[in-house]
Amino acid sequence: MMLNSGTGMAVTLYLEGRLSSDGDCIELPLSSCALLLVTNYAGPSSFHLVFVKPDKLNLEASSKYVSISKTGLASTGYEFTNTASLPELITNVVLPAVLDSAANMVRSGLCVIIRHVIKVAHSAAPDQGLIDLLGFRQGSLRMCAEVSGWTKLCEVELPNSVTQLVHNVKAHSGQKKDDAAVVELPADLLKLEAHYEKPPKIHNDDRQRRQELSRLKADFSDAENHTDVLQSVRVDGSHLVLERKTELSHGWRKICVRKEINGVCKGADETAGMAGLSLQDESRIGMSREQMNTVVQKLTYLDIKLVHLYSEGVEMTIADFCLFSYLYFLLEALQFDLCGLEDHFPRILTWLRHMVTLPRLESASTLCGFEFEKLKTALLADGAKQGERRVRFTKPSMQEITEDDMELSRRCRTKHKALKPEVIDALSKMKDCGIEPTVGLHPCGTNVSLKWDTFPDCVNPKEGKVPAKRVERKCQQLENLVTAVQEVARPGNTIVDFCSGGGHLGIAIAHVLPQCKIYLVENKEESLAKAQSRMAQMNSKNIVLYQCNMDYFVGTFDVGVCLHACGSATDMVLHQCLSNHAAFVICPCCYGGIQRTHLLDYPRSRMYQDKNVSYTEFLTLGHAADQTEFNIALEQQGRQCMNLVDSDRAELAREAGYSVTLTSLQPLTCSPKNNLLIGQKHCVASS
């Protein structure tokens with residue numbers, strides 16, 4: 001292990017990277033570069049970096065690395081190590097990661113770690129307003145990539161596609177001028193370009209427009225601020241155009257007004273008033289103060305346009321740092337020659353040109369070893385140099401890209417909705433194909449109760465802030481899963497509670513099976529905070545918390561469980577269990593939320609695929625499966641569809657060598673989503 005300098009109580013960040021063979025540079029993936037930029041922006045003294053070289057780094061993997069100068073990190077504590085030297089709990093997750101030994105908690109994944117960095121830095125220096133970088137309601141990059149198209153783009157798609165693009169560009173760096181290499185641009189960059197073309201999505205944008213309008217009118221009426229307003233005004237033909245920037249803790253907020261002025265300028269010099277130049281005072285604008293005042297006072301909030309200046313709207317967030325890092329290394333590979341990118345990505349480049357004017361970002365980039373001045377010069381120069389890289393970019397065919405693929409909202413896409421005839425047709429097809437669900441019994445029969453009165457209070461769901469009227473039903477749900485886990489688990493097993501939420505299930509299992517290690521895997525920090533509080537009360541030594549996306553947990557385990565994992569999350573849990581040859585106890589939920597992801601497709605089993613059950617038909621079953629509320633007309637149909645969806649999951653496991661039981665929670669009234677899948681590898685069952 002190579003060490004640079006210690007940093008006292010600094011938070012240790014584990015990120016992928018290695019020292020170059022000549023010892024002058026650090027080679028690392030784009031995700032590590034994004035984290036490095038945020039760390040240096042937020043305050044590097046609060047963090048200690050551990051660059052981890054993967055043990056199995058082949059030539060293909062190392063080609064995905066970029067390089068930064070080591071001298072840029074002179075003021076930062078850092079060291080180099082390898083996977084074998086990592087703390088055991090860190091080896092269970094994908095890097096980057098943070099280990100909080102005191103809380104027995106591991107955080108993993110680019111977005112989770114960047115958000116954590118901002119919160120740590122904000123605690124150290126609250127006056128800097130760093131928490132604002134987490135956006136409205138601290139929601140920037142909060143949702144996991146499986147449900148948020150925006151997070152998936154920033155955390156998964158762009159790092160991969162831009163890395164490949166950088167590699168392709170470098171592969172043609174020696175191309176002759178008359179033999180320009182043709183390099184196809186990734187569709188992910190086209191999605192980002194289209195995103196910048198859309199109006200910004202702003203919560204309560206009418207209110208913000210009204211506030212900006214009030215501020216504008218007040219400033220124009222104020223003698224001291226009147227000149228500043230005039231400096232932001234120009235006349236374009238028959239329109240008055242006003243662009244104003246308000247400085248924020250980080251970056252700017254920009255508004256634009258374009259207002260018809262025909263008739264208002266009557267009496268003013270026609271040539272001066274319609275020159276279309278950037279004018280600094282009344283005489284150059286060609287309007288008197290009174291005429292200007294008439295225009296301004298007639299403005300309404302509908303005339304105020306909030307400019308899409310940053311990636312998530314009108315204010316800078318952590319997403320901008322990720323995107324800036326990726327695009328910096330693309331331009332670096334092009335030797336800061338735009339190579340016709342202006343033709344394909346004018347809005348992305350407009351955003352980049354704004355970003356390079358931010359002084360604090362420049363300082364942070366320099367600390368990262370970025371050649372910021374070269375980037376800034378290339379972007380802000382009057383004429384971009386062309387032709388030196390001998391690369392010609394082309395766009396990919398967009399025929400295979402759907403509207404859903406272009407959706408970049410923070411939250412999940414709209415659920416599939418099916419009409420009654422479509423549900424009937426899907427059910428008829430399943431019947432014609434001979435697909436009939438088989439429902440079995442719980443391994444404990446009807447004896448699924450737990451003695452809650454003998455448990456510590458902190459184990460009871462009521463301590464997890466479950467409303468009083470739901471506590472009994474929550475206890476009944478937990479009893480079905482806990483007793484099933486007791487049947488399949490063995491002393492010393494590692495049991496993972498996926499989508500653990502506040503830890504109701506995992507904490508109960510940890511109490512009844514103290515000989516087992518229990519891992520709680522959950523993306524939401526607030527939920528894990530509840531679990532952490534209950535763990536402290538029960539003085540638990542066998543529970544570890546993991547804040548990460550499910551696919552970022554890569555540790556081995558023996559039993560996987562989940563209670564009401566929403567939609568496709570259930571299938572990700574099942575995939576994790578099958579990949580680890582682990583037993584599973586799974587209670588699905590939100591069947592209508594099932595959708596394709598970058599990790600999953602539907603239907604899952606070969607049997608359903610061989611029966612030619614289409615993706616749309618499967619989603620239709622999922623839509624109807626959510627109609628299982630008690631005492632409604634469609635309850636029976638909904639239960640049938642629920643069983644058909646879960647039969648696909650059961651069949652997938654059987655095809656992987658499992659014995660599987662599809663059963664129901666007892667009593668059924670404990671939840672409308674009351675199916676339970678219990679599975680074990682045949683070799684485990686036979687022992």
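Residues numbered from 1 in each chain as written. Predicted model: local features only at pLDDT ≥ 70, side-chain atom pairs only at ≥ 80, totals over all residues. Heavy atoms only, no water.

### A word on the confidence of the model for the chain
Caution is warranted with low-pLDDT regions, since their predicted coordinates should not be read in detail. Averaged over all residues, the pLDDT of the chain equals 87, while 89% of them reach at least 70. In the model, residues 1-8 has pLDDT below 50 throughout and makes 24 contacts with residues more than four positions away in sequence or in other chains. (pLDDT = per-residue confidence, 0-100. Contact = heavy atoms within 4.5 Å.)

### Quick word on helix α17 (residues 420-432)
Across its 13 residues, α17 extends 18 Å between first and last C-alpha, which sits within 8% of the 18 Å expected from 1.5 Å per residue. Taken as a whole, α17 has its buried residues at V423, A426, L427 and M430. One side of α17 holds all its buried residues, which, seen down the axis, span an arc of 95 degrees. The exposed set on the far side of α17, more than 90 degrees from its buried face, consists of P421, D425 and D432. (Helix = DSSP H or I, 4+ residues; strand = E, 2+ residues; numbered from the N terminus. Expected span 1.5 Å × (residues − 1). Buried < 20%, exposed > 50% of the residue type's maximum accessible area, 1.4 Å probe, protein only. Arc of directions from axis to C-beta.)

### A closer look at unusual backbone geometry
Residue P96 is reached from L95 by a cis peptide bond, and omega for that bond is 5 degrees. With respect to the helices and strands, P96 occurs in the loop between β7 (77-82) and β8 (97-100). Look at the link from Y602 to P603: it is a cis peptide, with omega at -5 degrees. Along the chain, the position of P603 falls in the loop between β20 (583-589) and α22 (606-610). In this model, H581 sits at a positive phi of 55 degrees, which is unusual for a non-glycine residue. Positionally, H581 belongs in the loop between α21 (568-579) and β20.

### Section: the sheet that holds strand β4 (residues 25-28)
Read from one edge to the other, the open sheet built from three strands follows the order β3-β4-β6, with strand pairing classed as antiparallel. Bordering the open sheet on either side are β3 (18-19) and β6 (66-69), each of which pairs with just one other strand. Across four bridges, the pairing between β4 and β6 is antiparallel. The partner of I26 across the bridge, within β6, is I68. (Pairing = 2+ DSSP bridges.)

### Brief notes about the pairing of strand β10 (residues 181-184)
Burial along β10 is one-sided: the face carrying A181 and V183 is buried and the face carrying V182 and E184 is not. Here four bridges tie β10 to strand β15 (residues 391-394), and the two strands are oriented parallel to one another. Considered in β15, the bridge of V182 is made with R392.

### Digging into the environment of W452
By secondary structure assignment, the location of W452 is in the loop between α17 and α18 (468-488). Sequence-distant contacts of W452, defined by excluding residues within four places in its chain, comprise V459, N460, P461, C475, L478 and E479. Looking at W452, its side chain comes within polar contact range of the side chain of E479, at 2.8 Å. (Polar contact = N/O pair within 3.5 Å; in protein donor to acceptor, adjacent residues only side chain to side chain.)

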